[in-house]
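Observations on the model geometry
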Amino acid sequence: MKMQSTPQPSKVNGPVPLSFCILLYSDGKIERLIDRPLDEYLAVIPNVSLAWIDYSTKDDEKEIEQIAQAARFTKIPIPKLTTGFYSAYEDYDTELGIMLPSVTVKGEKTTVHPLFILIRDNYIITVHSDEINRLLRLSRYAPQFFKRISTECTPDKMTLMLERIIDENNDRNFEYLREIEMHGDTISRSLIEENVAKRQIAHDIYRMKHVLIDYLNVLWATKDVVDSLRYGDADIITNDEKLLGRIGILSDNIDRHIELSEQMSNVLSSGLEVMQSIYNNQLQNMNNRFALVTAYLTVLGTAFLVPNTIATIAGSGIMGGTMAQQWWYVPLLVISTVVATLFSFLWVLHVWRKKEEF
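Residues numbered from 1 in each chain as written. Predicted model: local features only at pLDDT ≥ 70, side-chain atom pairs only at ≥ 80, totals over all residues. Heavy atoms only, no water.

Our next topic: the overall build of the chain. A count of helices and strands for the chain gives 8 helices and 7 strands. By the burial criterion, 44% of the 358 residues in the chain qualify as buried. When contacts within the chain are restricted to residue pairs at least 6 apart in sequence, those whose partners lie at least 24 apart make up 67%. (Helix = DSSP H or I, 4+ residues; strand = E, 2+ residues; numbered from the N terminus. Buried < 20%, exposed > 50% of the residue type's maximum accessible area, 1.4 Å probe, protein only. Contact = heavy atoms within 4.5 Å.)

Structure, rendered in structure tokens:
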């Protein structure tokens, strides 16, 4: 069974840029640079109030260290940042390093790409694989967003920008839950179809539960980072309770999707229980059929046992070997067969009635 097509990023005019930089100057002017060398982005940063640099890489885990060194991030241990389980949070006073998971679900395969966020002074750098374009849609509306926050102080601007980046990544992660739910509904519908192999359905349910486990790991890993930010312990993040409350809303949204995912897992577990009940019913029906055949064989065996015994006695030489020649011999065989058959049938019927009472 195939899942529905996964969500696609918003279409933009022209090719997808490998890098871009959005600059907010002190006078409110906003500038957007595309596909420039990192040195050119960094050269204009001292003259701006806020800058956001985004890089798409072929091998993000290797290139992130080069980008961090070029951007003068000297305190954050990049190897430690890249080896976290789906997420990482490294706070070194004037520098902040974050790794968030970006999940994609295609068919029954889950792929998790890291999204690195490096923050210092007045700029934010995001680095991710070119296989995902999570922040491309946000970059289209970033100039308008920069205008709204132009009057804020630098820590508040950084916090608001960071909150929007995390929110955009979360929204794209949340979209795949709908795909998982649709696939789960397809599997549930297959349970009532008699012409579908139940063994295949059981394998589909198992694979779908594995996808859900990976998806839940992504949500929990994201929640760990958001909870680290919401208390405002990092010096580079604002202490304004109102702005930190916006990060708290992100955590609440993650909690809701965790609950939905766990409910979906329970639904799939119920499907496995249904499958087990189906197999048990099939096995019980088979046992009942064998028991019925055994009952018939018991009746037939007992019915022919009595006349067979009489015939054996007749052939043993009793009455001088003339027993089979007597006029009552054949009626005796017929009557004994009928009586034995009737008695065996009544006895089996009695046993079955006793069994039904239990």
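Caution applies to low-pLDDT regions: their predicted coordinates should not be interpreted in detail. Considering every residue of the chain, the mean pLDDT works out to 80; 80% of them sit at 70 or more. Between the elements of the chain, mean pLDDT differs from a low of 73, seen in helix α8 (residues 329–357), to a high of 93, seen in strand β7 (residues 123–129). For the stretch residues 1–14, pLDDT sits under 50, and the model shows 30 contacts to residues farther than four places along the chain or on other chains. (pLDDT = per-residue confidence, 0-100.)

The subject of this paragraph is the nonpolar core. If you look at the biggest cluster of nonpolar residues, it comprises 50 residues, and the most contacted ones within it are Trp52, Ile117, Phe146 and Leu229. Discounting chain neighbours no more than four positions away, the residues touching tryptophan 52 are Phe20, Cys21, Ile22, Ile124, Thr126, Leu135, Leu138, Ser139, Ala142, Phe146, Met161 and Ile165. In terms of nonpolar packing, the next biggest core, distinct from the first, is built from 27 residues, Leu38, Ala68, Ile78 and Val127 among them. (Core = buried A, V, L, I, M, F, W, Y, C linked by side-chain atoms within 4.5 Å.)

Glancing now at the side chain of asparagine 169. Within the element layout of this structure, asparagine 169 appears in helix α5 (residues 154–190). On the basis of relative accessible area, asparagine 169 is assigned to the buried category, the value being 0%. Discounting residues that sit within four places of it in the chain, asparagine 169 has contacts with Leu100, Pro101, Ser102, Leu115 and Arg134.

Attention now moves to the sheet that holds strand β1 (residues 19–24). Spatial ordering of the open sheet is given by β2-β1-β3-β7-β6-β5-β4, a layout of 7 strands whose pairing is mixed. The open sheet has two edge strands with one neighbour each: β2 (30–34) and β4 (88–92). The average undirected angle you get between the axes of adjacent strands in this sheet is 15 degrees. Two elements, β4 and strand β5 (residues 95–106), share 5 bridges in a ladder whose sense is antiparallel. When the bridges of β5 are listed, tyrosine 92 appears paired with glutamate 95. In this fold helix α4 (residues 136–148) packs onto β1, β2 and β3 (50–57), with an angle of close to 10 degrees to the strand it touches most, β1. (Pairing = 2+ DSSP bridges. Axes fitted to C-alpha atoms, helices over the stretch in contact; angles between N-to-C directions.)

The next thing to look at is a nonpolar patch on the surface. Taken together, the side chains of Val293, Leu297, Leu300 and Phe304 define a hydrophobic patch exposed on the protein surface, amounting to about 410 Å² of accessible area. Inspection of the secondary structure puts leucine 297 in helix α7 (residues 241–314). (Patch = residues over 30% accessible without salt bridge, like charges linked within 9 Å, V, L, I, M, F, W, Y side chains within 5 Å. Areas by Shrake-Rupley, 256 points an atom, 1.4 Å probe, with all protein chains shown as cover. Salt bridge = Lys/Arg side-chain N within 4 Å of Asp/Glu carboxyl O.)

Attention now moves to α4. Between its first and last C-alpha, α4 extends 19 Å over 13 residues, near the 18 Å set by a 1.5 Å rise per residue. Of all the bends in α4, the largest measures some 50 degrees and sits at alanine 142, one to four residues before the proline proline 143. Residues Leu136, Leu138, Ser139, Ala142, Phe145 and Phe146 constitute the buried set of α4. (Expected span 1.5 Å × (residues − 1). Bend = angle between axes of the 7 residues up to and from the residue.)

Attention now moves to the pairing of β1. Regular strands have side chains that alternate between both faces of the sheet. Burial runs high along β1: 6 of the 6 residues are buried. Bridging between β1 and β3 involves 6 bridges; their strand directions are antiparallel. What sits directly across from leucine 24, in β3, is leucine 50.

This paragraph deals with the pattern of salt bridges. The tally for this structure, following the rule as stated, stands at 12 salt bridges. One salt bridge in this structure joins arginine 137 and glutamate 168, with 2.9 Å as the shortest N-O distance. Taken together, the residues arginine 137 in helix α4 and glutamate 168 in helix α5 connect sequence positions 31 residues apart. A residue is classified by how much of its surface remains accessible, and arginine 137, at 27% relative accessible area, is partly exposed. Connected through salt bridges with shared partners, the residues Lys223, Asp227, Arg230 and Asp255 form a single ionic network.

So, about the packing of aromatic side chains. The tally for this structure, following the rule as stated, stands at 4 aromatic pairs. Ring geometry for tyrosine 41 and tyrosine 55: centres 6.3 Å apart, planes at 75 degrees, overall edge-to-face. Of the two residues, tyrosine 41 sits in helix α1 (residues 38–44) while tyrosine 55 sits in strand β3, which places them 14 residues apart along the sequence. We note that tyrosine 41, like tyrosine 55, is buried. An angle of 25 degrees between the planes, with centres 4.6 Å apart, marks the rings of phenylalanine 85 and tyrosine 86 as stacked. Here tyrosine 86 falls in the partly exposed class, since its relative accessible area comes to 23%. One residue, arginine 164, lies across the ring of phenylalanine 145, its end atom 5.9 Å from the ring centre. (Phe/Tyr/Trp six-rings, centres within 6.5 Å; stacked < 30°, edge-to-face > 60°. Lys NZ or Arg CZ within 6 Å of the ring centre and 35° of its normal.)

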